[in-house]
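Here is what each chain is made of, one letter per residue.
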Amino acid sequence: MLTYTLRRVLLAIPTLLFISLVIFLLLELAPGDPVADMPLTIPPEVREKIRASLGLGEPVHIRYLLWLRAFFVTEPLHWIDGAFGTAFAEGQQRIISFQSRSPVFDIIAQRVPQTLWVVGMAYLVGVLIALPIGIISAYRQYSWFDQLGTLFSMIGFSVPTFFTGVLLIVIFSVQLGWFPSIYDTTLRITDWSSFLRQVNQMVLPVTVLALFNAAQISRFMRSAMLDNLTQDYVRTARAKGLKERTVVLVHVVRNSLIPVVTVIALGIPGIFGGAIITEQVFKVNGLGQLLIIAIQGNDIPMVMTLTFIFAVLIVLFNLIADILYGILDPRIRYD
Amino acid sequence: MTETPLRPPRSQWAEVWDQFRTHRGAMVGMVVFLAIAALVILGPWVYRVDPTFINIRARNQGMSWTYPLGTDQLGRDMLARLIAGGRVSISVGLTAMALSILLGTFIGLLAGYFRRLDGPLMRLTDLFLALPLLPLLLVMVLFFREPLATRFGPETGIFVLIVVAIGVTSWMQTARIVRGDVLALKEREFVLAARSIGTPDRRMLSRHILPNVMSPIMVSATLGIANAIITESALSFLGLGFPPDFPTWGRLLFDAVDYIRDYPERVFWPGLMISLIVLSANFIGDGLRDALDPRIRGR
């Protein structure tokens, strides 16, 4: 298991390097000049100096290596400095956003909590809805509950989140006025009433994302349960006189959860991508909205860093899912 | 000795159709899909209103006999725009799906059949699966919109860009499924027999392997239409898809969101169309998967 983990981690490094190169070259190919929007009265030599100060004077491969160095060396060192009061990263160049001229990671750090609150909560709620639906659907296969569950997951899977989001806004905030349609990120939780306001504004975005996630996970749970319900060990458990409740909820569910847990882990990076749309619908100023603004503003360091962070998340959770599968299921042997 | 009456011989597709018909969801899905396709294809001949005609005096109208679905903020007829948008959305869906299926099948066949290519091609597939697709799509569309628009004209340029962008980022699942099936087929006796009479690789693939992996390809093609339509709408919804005077369902939804407080019905129709077409494509895919599976068929 350890050698397998090590091998996978080692394999992840070239993968990530390659992905970063692909993203870098794609952004490099893109036409678009960060100084193009500046006033035409700026003389050409000053314009060149501005370009150089943005780090655009160097050739492509040098800039790529500088970016890699900044991402993998300077930024972690800077973080260590901030945490322990050391001075490793003193005077080293960090990744600077073209738009705001401040370090990219500082802006990202401001945006992460909003995304994590909304997206993380939505995923949690989605999983909590999905598991019981999957279990009951499988246990009562072809019953009306199962049929309804199938329809529900099909609809949840097919109706895009930007439509469910807008529809919920129309119903619950325009017509009924129960929930706000815009997520207020300046809200600080200080007392009970501000906490209630926070819960209130989270209801709609969380519902949208949770329904979408629950639709997929409940299907996986159902099919995993169906695979296990006909196994011999279930008959044995029943034969030795265990209560039906124990058989299903302890024996079958625990075994069925093995593949589902890995699916849940694999889905985590995907929801950050899906959150781009939901954040746009509810005007949450999280990572997704930051990416959209950066793309529209030609802010290449920001786009590069954010996209690469999404790629790191995907590779990381693929790794976690594979290792988790090996740990949870002793029958799986990778070596 | 009496002859047992044999059933008349039937083609494989008749059997598939029989099985498909028993899947209620798939049949409803097919009816809905064909109805929307008919509306979108035949619509402009029946409902002769120009979707780009601006009539500023008749803006923001509700439903009426002259404007069945009302008009938008510039007085353009919503029904005509919905039909025109559907044409674009569905053709993007179909073309992007065709491209992704072509790529996926090609890579899957090569990786499954030629052992030397298997490793590199599957690593490539894994790399593509690890790419953050939605951010990359956004980057591609925004940055390459201008050069392609100047080269092919604004409409064709965007169309080509979006179709290619969706196509090259969605072939991986098909490639994996096809590769898996080809690997299993390669060990079968009929392949051995074909090889023993000296069939060249090219004909081996086209005559023996490809026809046998058609079922999973058809299923992923159906699901691919749904995926492509959703992706295109999402891009348009983020304001990074088609330009405003070139309506698609996603674009109509995006434009309507600004007026959501006063005219919520404008959001409803395009969203409903996207949802219905995706839902029906997914149901058809589901039914097709059951119908093409010989283990389920005939039970």
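Small disclaimer: the values here were computed from a predicted structure and weren't measured.

## Describing the overall build of chain B
Part 1: If you tally the helices and strands in chain B, you get twelve helices and zero strands.
Part 2: Taking all 299 residues of chain B together, 51% fall into the buried category.
Part 3: Across chain B, every contact between residues at least 6 apart in sequence was considered, and the portion connecting residues at least 24 apart equals 69%.
Part 4: Total accessible area on chain B is roughly 15200 Å²; 63% of this is exposed by carbon and sulfur atoms.

## Some thoughts on the overall build of chain A
Part 1: In terms of regular secondary structure, chain A is built from eleven helices and zero strands.
Part 2: Residues classed as buried in chain A amount to 44% of the 335 residues present.
Part 3: Across chain A, every contact between residues at least 6 apart in sequence was considered, and the portion connecting residues at least 24 apart equals 68%.
Part 4: When the accessible surface of chain A is totalled, it reaches about 17400 Å², and 67% of it is carbon and sulfur.
Part 5: Averaged over its 24 positive side-chain charges, chain A has a centre that lies 11 Å from the centre of its 21 negative ones.

## Observations regarding the pattern of salt bridges
Pairing between side chains of opposite charge can happen when their charged atoms approach one another.
Residue and element names in this part refer to chain B.
Part 1: Tallying each qualifying case throughout the model produces nine salt bridges over all chains.
Part 2: With a closest N to O distance of 2.8 Å, Asp-126 and Arg-176 form a salt bridge. Here the residue Asp-126 occupies a position in helix 4 (residues 115–130), and Arg-176 occupies one in helix 7 (residues 172–186), the gap between them amounting to 50 residues.
Part 3: With its nearest N and O atoms 3.3 Å apart, the salt bridge here joins Asp-255 to Arg-251. In this pair, Asp-255 and Arg-251 are both assigned in helix 11 (residues 249–257), four residues apart and thus about one turn of the helix distant. Arg-251 shares its class with Asp-255; the two are buried.
Part 4: What emerges from the salt-bridge pattern is a single network uniting Arg-123, Asp-126 and Arg-176.

## Brief notes about the packing of aromatic side chains
Part 1: Enumeration over the complete set of coordinates arrives at eight aromatic pairs over all chains.
Part 2: Ring plane angle 15 degrees and centroid distance 4.9 Å describe the contact between Phe-162 of chain A and Phe-237 of chain B, whose orientation is recorded as stacked. Residue Phe-162 of chain A is found in helix 6 (residues 161–175), and its partner Phe-237 of chain B is found in helix 10 (residues 214–237); the two belong to separate chains.
Part 3: Taking the relative accessible area as the measure of exposure, Phe-162 of chain A reaches 1% and is therefore buried.

## What to know about the confidence of the model for chain B
Part 1: Residue-level pLDDT values for chain B average 82, and 90% of them are 70 or greater.
Part 2: In the predicted complex, the global pTM is 0.83; the interface-specific ipTM is 0.79.

## Comments concerning a nonpolar patch on the surface
Residue and element names in this part refer to chain A.
Part 1: Nonpolar side chains collect at one region of the surface, where Leu-10, Ile-13, Leu-17, Phe-72 and Val-73 lie side by side and expose about 440 Å² of accessible area between them.
Part 2: Within the residue set of the nonpolar patch, elements represented by two or more residues are helix 1 (2–29) and helix 3 (60–84).
Part 3: The element best represented in the nonpolar patch is helix 1, accounting for three residues.
Part 4: Relative to the assigned elements, Leu-17 resides in helix 1.
Part 5: For Leu-17, a relative accessible area of 36% translates into the label partly exposed.

## Structural notes on the nonpolar core
In summary, soluble globular proteins display a tendency toward joint burial of nonpolar side chains.
Part 1: Membership of the largest hydrophobic core comes to 152 residues, with the highest contact counts inside it found for Leu-138 and Trp-249 of chain B.
Part 2: Of the residues forming this core, the biggest block, 13 residues, is contributed by helix 9 (residues 244–282) of chain A.
Part 3: For this core, the domains that each give at least three residues are domain 1 (35–97) and domain 2 (105–328) of chain A.
Part 4: Apart from residues lying up to four places away in sequence, Trp-249 of chain B is in contact with Ile-36, Val-40, Leu-82, Gly-85, Gly-86, Ser-89, Ile-90, Pro-270, Met-273, Ile-274 and Ile-277 of chain B.
Part 5: Listed in part, the eight residues of the second largest apolar core include Ala-111, Leu-121, Met-122 and Ala-175 of chain B.

## Describing empty space enclosed by the protein
All names here are of chain A.
Part 1: This structure, assessed with the given rule, holds two cavities of 30 Å³ or more.
Part 2: Empty space within the second largest cavity amounts to approximately 30 Å³.
Part 3: As for the second largest cavity, its lining consists of Val-118, Val-119, Pro-205, Leu-209, Ala-275, Thr-278, Glu-279 and Val-284.
Part 4: Only helix 4 (104–139), helix 7 (192–229) and helix 9 provide two or more residues apiece to the lining of the second largest cavity.
Part 5: Here the lining of the second largest cavity gets three residues from one element, more than from any other, and that element is helix 9.
Part 6: In terms of residue class, the lining of the second largest cavity is made up of six nonpolar, one polar and one charged.

## A closer look at the interface of chain B and chain A
Part 1: Each partner contributes to the interface: chain B provides 37 residues, whereas chain A provides 42 residues.
Part 2: If you look at where chain B meets chain A, you find one residue pair in polar contact (both at pLDDT 80 or more).
Part 3: Counting only elements with at least two residues in the side of chain B that touches chain A, the list comes to helix 4, helix 5 (133–152), helix 10, helix 11 and helix 12 (265–292) of chain B.
Part 4: With eleven residues, the top contributor of residues to the side of chain B that touches chain A is helix 12 of chain B.
Part 5: Of the residues contributing to the side of chain B that touches chain A, the split by class is 31 nonpolar, four polar and two charged.

## Brief notes about the environment of Ile-309 of chain A
Residues and elements named next belong to chain A.
Part 1: Along the chain, Ile-309 falls in helix 11 (residues 300–328).
Part 2: Between the alpha carbons of Ile-309 and Leu-287 there is a distance of 10 Å; along the sequence they are 22 residues apart.
Part 3: Apart from residues no more than four positions distant in its own chain, Ile-309 is found in contact with Phe-71, Phe-105 and Ile-108.

## Observations concerning the domain arrangement of chain A
All names here are of chain A.
Part 1: As assigned here, chain A comprises domain 1 (35–97) and domain 2 (105–328).
Part 2: Computed over C-alpha atoms only, the centres of domain 1 and domain 2 are separated by 36 Å.
Part 3: Listed as interface residues are eight residues of domain 1 and, on the opposing side, ten residues of domain 2.
Part 4: The three residues of domain 1 that bury the most area against domain 2 are Trp-67, Phe-71 and Ser-97, which together make up 56% of that side's buried surface.
Part 5: Remark: the boundary between domain 1 and domain 2 carries zero salt bridges.

## Brief notes about the confidence of the model for chain A
Low-pLDDT stretches of the model should not have their predicted coordinates read in fine detail.
Part 1: Scored by pLDDT, chain A comes out at a mean of 81, with 93% of its residues at no less than 70.
Part 2: Averaged pLDDT values for the elements of chain A fall to 75 in helix 2 (residues 44–53) of chain A and rise to 87 in helix 8 (residues 232–239) of chain A.

## Focus on the environment of Phe-282 of chain A
Part 1: Here Phe-282 of chain A lies in helix 9.
Part 2: On the basis of relative accessible area, Phe-282 of chain A is assigned to the buried category, the value being 1%.

## As for unusual backbone geometry
Residues and elements named next belong to chain A.
Part 1: Of note, Lys-283 is a non-glycine position whose phi angle comes to about 55 degrees, a positive value.
Part 2: Residue position: Lys-283 is located in the loop between helix 9 and helix 10 (287–296).
Part 3: You can call Lys-283 partly exposed: its relative accessible area is 45%.

Definitions and cut-offs
Residues numbered from 1 in each chain as written. Chains lettered and ligands numbered in written order. Predicted model: local features only at pLDDT ≥ 70, side-chain atom pairs only at ≥ 80, totals over all residues. Heavy atoms only, no water. Helix = DSSP H or I, 4+ residues; strand = E, 2+ residues; numbered from the N terminus. Buried < 20%, exposed > 50% of the residue type's maximum accessible area, 1.4 Å probe, protein only. Contact = heavy atoms within 4.5 Å. Areas by Shrake-Rupley, 256 points an atom, 1.4 Å probe, with all protein chains shown as cover. Lys, Arg positive; Asp, Glu negative; His and termini not counted. Charge placed at Lys NZ, Arg CZ, Asp CG, Glu CD. Salt bridge = Lys/Arg side-chain N within 4 Å of Asp/Glu carboxyl O. Phe/Tyr/Trp six-rings, centres within 6.5 Å; stacked < 30°, edge-to-face > 60°. pLDDT = per-residue confidence, 0-100. Patch = residues over 30% accessible without salt bridge, like charges linked within 9 Å, V, L, I, M, F, W, Y side chains within 5 Å. Core = buried A, V, L, I, M, F, W, Y, C linked by side-chain atoms within 4.5 Å. Domains from an automatic or database assignment. 1 Å grid on protein atoms, 1.4 Å probe; cavity = no way out; pocket = protein on both sides within 12 Å on 5 of 7 lines; lining within 4 Å. Points joined across faces, edges and corners; volume = space filled by probe spheres on them. Nonpolar A, V, L, I, M, F, W, Y, C, P; charged D, E, K, R; others polar. Polar contact = N/O pair within 3.5 Å; in protein donor to acceptor, adjacent residues only side chain to side chain. Buried area = accessible area lost by both parts, 1.4 Å probe.

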